[in-house]
Amino acid sequence: MVETVINELIRDVPDFPKPGIVFKDITPILANPEAMSKIYDALAAPYREAGITKVIGIESRGFIFGTPLADRLGVGFVPIRKPGKLPWKKVSVSYALEYGEDTLEPHVDSVGPEDKVVIVDDLLATGGTLAAACELVKGLGTTIVGCSVVIELGFLEGRAKLDGVEIHSLVSY
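These figures come from a predicted structure and were not determined experimentally. (Residues numbered from 1 in each chain as written. Predicted model: local features only at pLDDT ≥ 70, side-chain atom pairs only at ≥ 80, totals over all residues. Heavy atoms only, no water.)

Visitor: Report on unusual backbone geometry, specifying residues and quantitative values.
Guide: Residue Pro17 follows Phe16 across a cis peptide bond; omega there is 5°. By the element assignment, Pro17 lies in the loop between strand E1 (11–14) and strand E2 (22–25). With an omega dihedral of -5°, the bond running from Glu59 to Ser60 counts as a cis peptide bond. Among the secondary structure elements, Ser60 is positioned in the loop between strand E3 (54–58) and helix H4 (61–73). (Helix = DSSP H or I, 4+ residues; strand = E, 2+ residues; numbered from the N terminus.)

This is how it looks when you write it as structure tokens:
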């Protein structure tokens, strides 16, 4: 089961990035090709028959999981990036983080009303990043089928910021 694989490989790093935080380090998972393959399959499973047209990955760890998910679903991949990283016309949204503020941007023509998408990231914590990505995608007229993450920190109640969006997480703490 993929949950067991993730739990065996994830590394807790206390007091990172600041005192009192226990960081869930995914790098041991990334170093294990068998684990990654199982994770990609588990992320794809709920969406195989959902009519997804594109997978959207949030910079940067959403790229790690989103690109193989797009491949497994046979659809295109759309990056949502930090400011100044995309070369074409873009739309942006700023949002609050646990440690400050950030901005996300996709190309304006990356998705549209004809698309059904899944948004992918490695982690759902307070929900700010995924909520901002959803706002951007909905603003382009796109249907969000769901958001998919490897890890959910349920005690931070990030789902509450994603009103009405289906969340698929592989493990929850």
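This is not the end of the story, as more comes after the structure.
Visitor: Could you give an account of the pattern of salt bridges, naming the residues involved and the relevant values?
Guide: Enumeration according to the criterion identifies eight salt bridges in this entry. Ionic pairing is found between Asp122 and Arg61, a salt bridge with its closest N-O pair at 2.5 Å. Pair noted here: Asp122 is in strand E7 (residues 116–124) and Arg61 is in helix H4, with a separation of 61 residues, a long-range link. Judged by its relative accessible area of 7%, Asp122 is buried. Exposure remark for Arg61: the relative accessible area of 35% places this residue in the partly exposed category. Close ionic contact of Lys82 with Asp102 constitutes a salt bridge, the shortest N to O distance being 2.8 Å. In this pair, Lys82 is assigned in the loop between strand E4 (76–80) and strand E5 (93–97) and Asp102 in strand E6 (residues 100–104), connecting sequence segments 20 residues apart. (Salt bridge = Lys/Arg side-chain N within 4 Å of Asp/Glu carboxyl O. Buried < 20%, exposed > 50% of the residue type's maximum accessible area, 1.4 Å probe, protein only.)

Visitor: Please provide a residue-by-residue account of the sheet that holds E7, values included.
Guide: The five strands lie next to each other as E4-E3-E7-E8-E9, forming an open sheet whose pairing is parallel. Only two strands of the sheet have a single neighbouring strand rather than two, namely E4 and strand E9 (167–172). Taken pair by pair, the neighbouring strands of this sheet meet at an average axis angle of 20°, ignoring direction. Pairing of E3 with E4 involves five bridges; the strand directions are parallel. Looking across to E4, one finds that Ile56 is bridged to Val78. (Pairing = 2+ DSSP bridges. Axes fitted to C-alpha atoms, helices over the stretch in contact; angles between N-to-C directions.)

Visitor: Run through the environment of Arg72, naming residues and quoting values.
Guide: With respect to the helices and strands, the residue Arg72 is situated in helix H4. For the pair Arg72 and Arg48, spaced 24 residues apart in the sequence, the C-alpha separation amounts to 8.6 Å. The contacts of Arg72, once residues within four sequence positions are left out, are Ser37, Tyr40, Asp41, Ala44 and Arg48. Within the local environment of Arg72, its side chain forms a polar contact with the side chain of Ser37, the two groups lying 3.3 Å apart. (Contact = heavy atoms within 4.5 Å. Polar contact = N/O pair within 3.5 Å; in protein donor to acceptor, adjacent residues only side chain to side chain.)

Visitor: For the packing of helix H1 (residues 2–9) against helix H3 (residues 33–44), give the residues involved together with the corresponding values.
Guide: Relative orientation and spacing of two packed helices are given, respectively, by the angle between their axes and the distance between those axes. Between H1 and H3, whose axes approach to 10 Å, the crossing angle comes to 135°. One way to sum up the angle between H1 and H3 is to call them oblique. As for the relative orientation of H1 and H3, their crossing is left-handed in sense. Here Val2, Val5, Ile6 and Leu9 of H1 come into contact with H3, specifically with Ala35, Lys38, Ile39 and Ala42. Grouping the amino acids of the contact of H1 with H3 by side-chain chemistry returns seven nonpolar, no polar and one charged. (Parallel < 35°, antiparallel > 145°, perpendicular 65-115°, else oblique. Left-handed = near helix turned anticlockwise from the far one by under 90°. Nonpolar A, V, L, I, M, F, W, Y, C, P; charged D, E, K, R; others polar.)

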